[in-house]
Structure formats: C-alpha cells, structure tokens
Amino acid sequence: MNAQERHVTFDASRGAEAPPELVQLLTPEGERVEHPAYDIDLTPEEIRGLYRDLVLVRRVDMEAVALQRQGELGIWASLLGQEAAQIGSGRALTDADMAFPTYREHGVAWCRDVDPVNLLGLFRGVNHGGWDPAEHNFHLYTIVIGSQTLHAVGYAMGIQRDGADAATIVYFGDGATSQGDVNEAFIWASVFNAPVVFFCQNNQWAISEPLEKQSKIPLYRRASGFGFPGIRVDGNDVFACLAVTRQALKNAREGQGPTLIEAFTYRMGAHTTSDDPTRYRVAGELEAWKLKDPIERVKAYMFKTQIADQDYFDAIDAEAADLGRDVRKRCLEMPDPHPLEIFDNVYTEPHALLVEEREQYAAYLATFEGGDR
C-alpha cells in the first residue's frame, strides 16, 4: 500500500491513537478518566456485570466462528473487537425501548435476553430468526444494508404519536452511512424530531473499503447537516458507550429528537466468515488495535481498583466455557425444519397465491421417497 492507501486511523508512529474529540471514560490501560459532559457512576456489581457480559458474548461469538468453520453454520458475522460498543449501548436500553439491529449485534441480542442459539439457527438455516421481536423489544436481524434505519424511524414516530415513554435505537456500520436509506432516515428523524438514536459502529472497514472511502469528515459530524447532534465515543470503552447512549436515549424520550452516536471501534476479525481481511488490511493496524481490547481494559481497571480478584476472573472464564459447550450442543441438536415451513409466517392472513404455491410444492415433494418429511 502507498501512503494514500493507508488507513486513515492508522499511523505507524502512533498506532491506533484516539482522535481528540473522542468521549472516553476508561483508557486502554484501564485508567478511569472524567468527562465534563458524559460521566457515569457505576457500582462494583454493575462493573462486574459488564465484564461478564463482554466475556460471555465473546465466547458465544468464538463458538459460532468455530461452528461455521466446521460446516455447521452457513456463514457468521463476528463481533470480535466490538463487544464494548454493543454491551454498553445494549445495557443503556430500558425495557420499553426498541432496538433495530443489523446482522452483527449479537451483544445487543444478549442484553435483550435473546437466546444465542436462536442467532445460530438463523445462520444455520433452520429458522427465520427464532425470536419474537415484541417479546424482547429487539427486531429481527436485517441483512439489507441500512434498511433498518427507516424501520427504526418509523417505529419511533409511532412511539411519538402514542405518547409512550420510550425510544428506539438502530445499529449500522460505517459503510451503511453511504446508503440512501440511512440518509433518508436521518431526514425523517430530524424533520419529525423522532425519538431515535442512530448508533453507528465505525469498525473502520466496510468489508474491504476503508473509512476514507466513505467520508472525508468524521462520521458523527454528518448529523449537523441534518439538524441534530452527533457524538463520537470510544467504541472499545464499555463505560463511555453506556454513558453516552444512556444520555442520548434519555434526550430522545424527553422530546429532544435524534442523536447520531459514532462508536469508534475496530473489527478485529473478518467482515464475515466468507471474507479474508489479510487481502486488504496491514498487520500492524490489527496489532495496534489489539492493545485497545475492550475486555482487557475493564479487567485491568477491576484489578487496580480491587473490584475483583483472580478467583472471580477464573469463575467467569469457567462460566464462558460452559456456555460455549451448551451453545454448541444445542446448535447441533436443532432439527431441520420441514420444507413446507418456508411458507409459514409470510403473511398475517391466508394468501391465495401462497396457498397455491404451497400446494404445488407439497405435490412436488411427494414425488420423492420420504418427501412428506
């Protein structure tokens, strides 16, 4: 790569240095810092809970990657390196808030009590998501890039008209900011003052395209052009992500309209398991970001403040190993659906064309030995 092709966030002389406008409450070395506008008072129990979330979610993700490599999942979109952005923002939600994910928000799903095995079922091809969005206030995964931002704004406008004490949050990546849907969602949210938080996980790479090919300015600054505030937070700092998202959601519920949060983080693994990041990323960039690991900084802080000892960390690691074994076992035990189930849950009411197509497919299956199974 020549100098112009080098990634905008990486400089060999300084590593993955934080930009000056970044909101940060916990440094990569595990030092607690103050911020005049965004601070948070967490109890030792809450900090231990956040650490547990981070470790267990990473363990589920690692198991899913292994299952895909072994042919048990069709594909998987890893969240490695983005755990703090997802857990911090996910734990900021109230029960009444509604979350709209992409296909990578496994940490937010965890915070909304969605069984990880349901996530695996989607990528295994045995269900269409496997959870009820209304039960968890967590929408189904969205594969079409950026389309969920419009869904979230529409839902937020419904909340607004119902007078409910709630807000929506919608997740997307840096690459999605180039999509028309996202920019249209910004317009509608701004004009109607919708109670929505746009949470952009800027992991630096839109598959193989670096950030500088998406924007000439920091992404959070785009919000000002649409008439609402934007803020950049250290996406590897779970404390900061929690504090900033909690405030943005509070503002939304109080009628102050939308906020764009840019969580400045890094995708440590591949875009999906079908991707090879070594073809477009330099090794030094990855090594620099490893020093900013979201789990290790919380662990360092907990050691320094004596919030937890080695026995606690060993217990969490053991729980994570148990969770991994349980997820793997239940994933492999998931039965294949009957072929005709593809026609279920397509429309809320019977649909003549769908009924006809189902009957035709059933007749086709019947021509094979055991085709009714």
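Here the structure is a predicted model, which means the values were calculated and not measured. (Residues numbered from 1 in each chain as written. Predicted model: local features only at pLDDT ≥ 70, side-chain atom pairs only at ≥ 80, totals over all residues. Heavy atoms only, no water.)

Caption draft 1: Just the packing of helix H1 (residues 44-69) against helix H11 (residues 294-304), in detail. For the pair H1 and H11, the least separation of the axes is 10 Å and the interaxial angle reads 150°. In this view, H1 runs roughly antiparallel relative to H11, as classed from their interaxial angle. Between H1 and H11 lies a crossing of left-handed hand. Taken together, the residues of H11 that come into contact with H1 (itself represented by Ile 47, Arg 48, Tyr 51, Leu 54, Val 55 and Arg 58) are Pro 294, Ile 295, Val 298, Lys 299, Tyr 301 and Met 302. For the contact of H1 with H11, a count of residues per class yields nine nonpolar, no polar and three charged. (Axes fitted to C-alpha atoms, helices over the stretch in contact; angles between N-to-C directions. Helix = DSSP H or I, 4+ residues; strand = E, 2+ residues; numbered from the N terminus. Parallel < 35°, antiparallel > 145°, perpendicular 65-115°, else oblique. Left-handed = near helix turned anticlockwise from the far one by under 90°. Contact = heavy atoms within 4.5 Å. Nonpolar A, V, L, I, M, F, W, Y, C, P; charged D, E, K, R; others polar.)

Caption draft 2: Region of interest: a negative patch on the surface. A contiguous patch of negative charge, built from Asp 309, Asp 311, Asp 314 and Asp 317, is present on the exposed surface. Tracing the backbone shows Asp 309 in the loop between H11 and helix H12 (310-333). (Patch = residues over 30% accessible without salt bridge, like charges linked within 9 Å, V, L, I, M, F, W, Y side chains within 5 Å. Areas by Shrake-Rupley, 256 points an atom, 1.4 Å probe, with all protein chains shown as cover. Salt bridge = Lys/Arg side-chain N within 4 Å of Asp/Glu carboxyl O. Lys, Arg positive; Asp, Glu negative; His and termini not counted. Charge placed at Lys NZ, Arg CZ, Asp CG, Glu CD.)

Caption draft 3: Here's a closer look at the UniProt feature "domain: Dehydrogenase E1 component" (unreviewed entry) in the chain. When the UniProt feature table is mapped onto this chain, "domain: Dehydrogenase E1 component" (unreviewed entry) is found at residues 55-322. Secondary structure across residues 55-322 divides into 46% helix and 12% strand, with the first and last C-alpha atoms of the span separated by 12 Å. (UniProt positions renumbered as here; feature names shortened; annotations may be inferred.)

Caption draft 4: Layout of the state of the cysteines. According to the stated counting rule, one finds zero disulfides in the structure shown. Cys 111 takes part in no disulfide bond, and the closest cysteine sulfur, belonging to Cys 241, lies 11 Å away. When its relative accessible area of 7% is taken as the criterion, Cys 111 is described as buried. (Disulfide = S-S within 2.5 Å. Buried < 20%, exposed > 50% of the residue type's maximum accessible area, 1.4 Å probe, protein only.)

Caption draft 5: Summary view of the environment of Pro 258. With respect to the element layout, Pro 258 can be found in the loop between helix H9 (238-253) and strand S7 (259-264). Residue class for Pro 258 comes out buried when judged on its relative accessible area of 3%. The spacing of Pro 258 and Gly 227 is 31 residues in sequence and 9.2 Å in space, taken between C-alpha atoms.

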